[in-house]
Structure formats: structure tokens, C-alpha cells
Amino acid sequence: MARVYNFSAGPSMLPEAVLKTAAAEMLEYGTTGQSVMEMSHRSKEYQAIIDAAEADLRDIMGIPENYKVLFLQGGASTQFAMVPMNLMTKNKKADYIITGQWAKKAYKEAARYGSARAIASSEDKTFSYIPTVTPDMIDPEADYVHICMNNTIYGTKWQTLPETGDVPLVADISSCILSEPIDVSKFGVLYAGAQKNVAPAGLTIVIIREDLIGHAMDITPTMLNYQTHAEGGSMFNTPPCYTIYIAGLVFKWIKSLGGLEKMGEINREKAKMLYDFLDGSALFHGTVVPEARSLMNVPFVTGNAELDAKFVSEAKKAGFVNLKGHRSVGGMRASIYNAMPIEGVAALVSFMKQFEEENK
Ligand SMILES: *Cc1c(COP(=O)(O)O)cnc(C)c1O
């Protein structure tokens with residue numbers, strides 16, 4: 001078996017220890033005589049799996065008591081509609097900050113349900129920075145302010161949250177969930193598709209302050225109402241059972257490493273290794289301003305499209321896959337989520353050094 005170092009932006013690598021446990025439990029989970037895939041979601045065995053997943057997530061993220069954790073389907077993209085349908089109902093307006101394609105999609109979707117206002121954007125420079133947002137830019141009557149915390153395509157991250165006063169802050173954390181500690185109490189809603197840093201595709205995690213539940217628009221489909229899932233314990237209908245089980249294994253893996261403090265330390269070390277190399281390289285350079293750099297997604301270019309393509313192709317042959325950048329940025333992107341071991345980043349950096357030497 002030859003496993004590659006997979007730098008995909010998502011779906012992405014899972015921790016090898018988790019895959020091994022899942023493989024060992026594939027045919028029989030515990031003494032149930034069946035796979036988790038085959039279990040009734042109403043069985044007591046499965047209830048124990050989903051309960052443990054929620055308890056471990058609450059533990060590692062320090063989720064306060066007055067927040068609900070929901071395990072949903074539909075991806076982060078469905079949250080682009082669920083957030084406005086459930087929250088844009090008091091004054092029917094919301095403020096959006098446009099830091100990339102996902103933030104823009106969220107904004108456009110919200111505009112279908114009320115008055116969405118784009119209060120700042122970094123589109124003028126291909127989203128290579130995070131715009132400054134001062135408190136006076138925020139409408140105090142907005143029902144919420146939406147940000148995309150880590151911009152997967154462009155490789156930027158909010159290092160300091162915007163001051164929104166009493167207006168709830170809603171954040172898409174699809175590509176940075178569990179990458180480092182986060183103060184959940186600063187947010188009204190956090191949401192994330194699982195396939196970047198948590199589990200296989202098919203699960204969306206929503207963490208929502210309880211007072212924001214129960215105010216959905218009348219037109220809201222039952223399945224898109226947070227209240228439905230909060231009251232049903234994420235079991236109103238069949239949840240993505242197996243993906244929740246894998247997510248639960250990932251939560252336990254993070255706990256075993258030492259939690260999010262430790263995870264953040266490891267991620268900072270990995271990212272620093274790559275950024276330090278890029279800063280010193282004569283061939284490669286990063287595309288993001290230093291003060292907005294993501295720990296998870298690192299885009300870089302040589303400035304020569306042909307050389308970029310040669311790099312991606314040679315890297316693939318050497319066992320470093322999915323390094324091609326998003327079409328809107330070009331060049332390369334290394335996504336170094338939690339499951340990417342430090343050895344993978346070190347090996348990529350030595351490969352880049354060698355490529356630079358050979359292509360002077
Ligand atoms: C991948 C991604 C999305 C889209 O997620 P889906 O689960 O495919 O809908 C949204 N936002 C961010 C920040 C992402 O990285």
C-alpha cells in the first residue's frame with residue numbers, strides 16, 4: 001500500500017488512525033453483529049454513537065450550554081439559505097462581508113430572502129486580504145453579520161473578528177473548524193461542511209445560540225428550520241449516520257492529541273514551515289498578504305503558468321496530489337488540514353526546494 005500526501009481542499013485527508021479504527025469496525029461495531037452503516041438510527045447503539053459525538057465536540061470546542069449542536073445534511077451551501085430563512089426575520093436585513101467565492105454565494109442567497117448588504121469586500125485584489133471592518137460600518141438593526149472565517153480558495157483567514165456589538169455574528173467555518181481554539185460565545189451561529197476538516201462529505205455541523213432558534217420565516221420548509229432539528233436531536237429524519245460516526249472518531253482523535261490548543265500548535269508549526277519557505281524562495285511565492293494568512297489553505301505561484309503546471313504534474317508523480325490551485329487564483333494550493341501530518345508538509349517543502357534548484 002502506498003498512501004499519497006493528499007493536499008486536496010475537500011474532500012480531504014482523514015487521520016490514518018481514524019481510518020484504521022473504521023476499517024477494524026467495518027463488519028462488526030462492538031458486539032452488535034453489524035456495521036454502523038447498517039444500523040437503525042433509532043437503535044440504542046446508534047444513539048450512543050451520536051450522543052458521544054456531540055459530547056466530544058462540545059468538550060473540544062468548549063461549546064456553552066446555551067448553544068445547540070445540530071448534525072445536518074445539505075452541505076455548507078444549504079446554510080447559505082437556512083441562515084437567512086431562520087435569522088433574517090426581525091428587521092429583515094443582514095450585513096455580509098465578501099472575502100471570497102463562498103462568502104459571495106452566501107450573500108447572493110441571502111439577498112433572495114431579504115435585504116442583504118455587502119458592507120466590505122476584498123474582491124479588488126482577488127480576495128488576497130481581509131478588509132477592515134469598523135463598528136460604524138455595521139447596521140445596528142441588522143439581524144446578523146455574516147463572515148466566512150477561512151477562505152478556502154484564496155487562503156485568507158480572519159485573525160481578529162469584526163466588532164458587531166449586539167448584532168449576532170454568523171460564520172462559515174467549513175475549512176477551519178477544529179483547526180485551533182475558537183471562542184464560540186462570540187458567535188450566534190457557526191456552520192461547517194464536514195468534508196474539509198472533520199469527516200467524509202454528507203454532514204454539516206451547525207452550532208447555534210438557542211435564542212436564535214424558533215423565529216423562521218413562515219415559508220421555511222420544515223427540513224430547513226433549525227427548530228425542527230433542535231427539537232428532534234438531529235433525528236427528525238434519518239441523519240447521515242455513518243459520517244457522524246467518523247466525525248465522532250475524529251473528535252476522539254483530536255482529544256487524544258491534546259485538544260484544540262495542541263491542534264492549533266501543530267497547525268501553526270506546519271503552516272510556518274511552508275510560509276517560511278515561500279518567503280525565502282526565489283521561484284515560489286504566496287499570494288496572500290502575511291497578516292491574513294490561513295493555517296489551512298496555502299495558495300502559491302511561480303508567476304509562470306507553464307512552470308506551475310510542470311510543478312503540479314511532477315509533484316503528483318512524487319506522491320503529492322491535488323496541488324493544483326483553484327481556477328480563479330491559478331498556480332498551486334496546498335491544503336494542510338488537521339489530518340495532514342507534519343512529515344507531509346516537510347516532504348512537500350523539500351520537494352519544492354529540489355524543484356526550485358532544477359528549474360532556476
Ligand atoms: C467547501 C466550502 C463550502 C461549500 O461546502 P458544501 O458542503 O460543498 O456546500 C462553503 N464554504 C466554505 C468556506 C467552504 O470551504
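Residues numbered from 1 in each chain as written. Predicted model: local features only at pLDDT ≥ 70, side-chain atom pairs only at ≥ 80, totals over all residues. Heavy atoms only, no water.

(A) Looking closely at helix 2 (residues 44–61). In this model helix 2 runs 26 Å from its N-terminal to its C-terminal C-alpha over 18 residues, within 8% of the 26 Å that 1.5 Å per residue would give. Those residues of helix 2 that sit buried are Tyr 46, Ile 49, Ile 50, Ala 53, Asp 56, Leu 57, Ile 60 and Met 61. The buried residues of helix 2 occupy an angular sector of 130 degrees when projected down its axis, which confines them to one face. Lining the buried residues of helix 2 we find strand 2 (67–72), strand 9 (189–193), strand 10 (204–209), helix 6 (241–257) and helix 7 (259–280). Residue Gly 62 follows helix 2 closely and has a positive phi angle near 60 degrees. (Helix = DSSP H or I, 4+ residues; strand = E, 2+ residues; numbered from the N terminus. Expected span 1.5 Å × (residues − 1). Buried < 20%, exposed > 50% of the residue type's maximum accessible area, 1.4 Å probe, protein only. Arc of directions from axis to C-beta. Contact = heavy atoms within 4.5 Å.)

(B) Quick peek at the domain arrangement of the chain. Each domain of the chain was delimited in the assignment, giving domain 1 (16–256) and domain 2 (258–358). Of note, the centres of domain 1 and domain 2, computed from C-alpha atoms alone, are 27 Å apart. Listed by partner, the interface residues are 27 residues for domain 1 and 27 residues for domain 2. Overall, the association of domain 1 and domain 2 removes approximately 2100 Å² of surface from exposure, summing both partners, and the carbon and sulfur fraction of that is 56%. Linking domain 1 with domain 2 are one salt bridge. One salt bridge in this structure joins Arg 268 and Glu 180, with 3.7 Å as the shortest N-O distance. Our count for the contact surface shared by domain 1 and domain 2 stands at 14 residue pairs in polar contact (both at pLDDT 80 or more). Every element with two or more residues in the side of domain 1 that touches domain 2 is listed here: helix 2, strand 7 (156–157) and helix 6. Counting residues per element, the side of domain 1 that touches domain 2 draws most heavily on helix 6, at four residues. Grouping the constituent residues of the side of domain 1 that touches domain 2 by class yields eleven nonpolar, twelve polar and four charged. (Domains from an automatic or database assignment. Buried area = accessible area lost by both parts, 1.4 Å probe. Salt bridge = Lys/Arg side-chain N within 4 Å of Asp/Glu carboxyl O. Polar contact = N/O pair within 3.5 Å; in protein donor to acceptor, adjacent residues only side chain to side chain. Nonpolar A, V, L, I, M, F, W, Y, C, P; charged D, E, K, R; others polar.)

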